[in-house]
Amino acid sequence: MTRVLYPGSFDPFTNGHLHVIQVSSEAFDEVIVNIGVNSEKVRHFNIDLMKSAMEEIFEEMGLINVKVVIYEGATINLAREMDADFIVRGLRDASDLIQEERNANLNYKHGNIDTIYIRAGEYGNISSSVVRELLKFDIPIDDYVPKRIKELIFENK
């Protein structure tokens, strides 16, 4: 059985994130989505509500091999705790690859766990920060987040 860990802030969860999870769900036996808690970053959306909304989306889509956890600490420590075989990261463009490779090298050096990249494809222009920027200027986000996430955002605005 191949288990992968997909870490991120998911603040908010986007269609790009969903694409990475769908591909991972088809390629691996189990996908653990880690909503990371970073005390250095300010969250814009409630982490527990985001987790619940993500779980609803995965259940609706029949992604029964996807589990969501909230974790504060180093990704590599969670990967070890969860007995993950790989860490999965999404790539939008070349600049993502540069940053992700730095993290992948550290994770491999300190945890002996490799990273697998999944292309964002048509979702390469989407990021959580872009969605937050669109929201700031009242620009529609329908094409960038799943419907349930949009509902969550507007329920708690």
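Residues numbered from 1 in each chain as written. Predicted model: local features only at pLDDT ≥ 70, side-chain atom pairs only at ≥ 80, totals over all residues. Heavy atoms only, no water.

> Which parts of the structure should I look at to understand the packing of helix H2 (residues 47-60) against helix H6 (residues 147-155)?
The packing of two helices is summarised by the inter-axis angle and the distance between the axes. Interhelical geometry of H2 versus H6 gives an angle of 155° and a closest axis separation of 9 Å. Of the possible angle classes, the one that applies to H2 and H6 is roughly antiparallel. Between H2 and H6 lies a crossing whose hand is right-handed. Between H2 and H6, the contacting residues are Leu 49, Met 50, Ala 53, Glu 56 and Ile 57 on the first element and Arg 148, Ile 149 and Leu 152 on the second. Each residue belonging to the contact of H2 with H6 can be placed in one class, and the counts come to six nonpolar, no polar and two charged. (Axes fitted to C-alpha atoms, helices over the stretch in contact; angles between N-to-C directions. Helix = DSSP H or I, 4+ residues; strand = E, 2+ residues; numbered from the N terminus. Parallel < 35°, antiparallel > 145°, perpendicular 65-115°, else oblique. Left-handed = near helix turned anticlockwise from the far one by under 90°. Contact = heavy atoms within 4.5 Å. Nonpolar A, V, L, I, M, F, W, Y, C, P; charged D, E, K, R; others polar.)

> Please clarify how the environment of Asp 93 should be interpreted in this entry.
Looking at where Asp 93 falls in the secondary structure, it is placed in the loop between strand S4 (86-91) and helix H4 (94-111). Once the C-alpha coordinates of Asp 93 and Arg 119 are considered, the two residues, 26 residues apart in sequence, prove to be 8.4 Å apart. Within the structure, the side chain of Asp 93 is placed 3.1 Å from the backbone nitrogen of Asp 96, a separation counted as a polar contact. (Polar contact = N/O pair within 3.5 Å; in protein donor to acceptor, adjacent residues only side chain to side chain.)

> Explanation requested: the environment of Phe 13 in the structure shown.
Relative to the helices and strands, Phe 13 resides in the loop between strand S1 (3-8) and helix H1 (15-27). Classification of Phe 13 as buried rests on a relative accessible area of 0%. Placed 17 residues apart in sequence, Phe 13 and Glu 30 show a C-alpha to C-alpha distance of 19 Å. Once residues lying within four places of it in the same chain are set aside, the contact partners of Phe 13 are Leu 18, Ile 21, Met 50, Met 54, Ile 57, Phe 58, Val 145, Pro 146 and Ile 149. (Buried < 20%, exposed > 50% of the residue type's maximum accessible area, 1.4 Å probe, protein only.)

> Can you walk me through the nonpolar core in this structure?
Looking at soluble globular proteins, one finds that nonpolar side chains tend to be buried together. Formed by 31 residues in total, the largest nonpolar core has its most connected members in Phe 13, Ile 21, Val 33, Met 54, Phe 58 and Ile 149. Only S1, H1, strand S2 (30-37), H2, strand S3 (66-72), helix H5 (128-136) and H6 provide two or more residues apiece to this core. Ranked by residues supplied to this core, first place goes to H2 with six residues. With sequence-adjacent residues up to four places away left out, Met 54 is seen in contact with Phe 10, Phe 13, Val 33, Ile 35 and Val 68. By size, the runner-up hydrophobic cluster in this structure holds 10 residues, among which are Leu 5, Val 69, Ile 76 and Ile 113. (Core = buried A, V, L, I, M, F, W, Y, C linked by side-chain atoms within 4.5 Å.)

> What is the right way to look at the environment of Asn 107 in this model?
As for its position among the elements, Asn 107 is in helix H4. Using a relative accessible area of 15% as the deciding quantity, one classes Asn 107 as buried. Between the alpha carbons of Asn 107 and Ile 76 there is a distance of 5.8 Å; along the sequence they are 31 residues apart. Other than its neighbours up to four places away in sequence, Asn 107 contacts Ile 76, Ile 87, Asn 112 and Ile 113.

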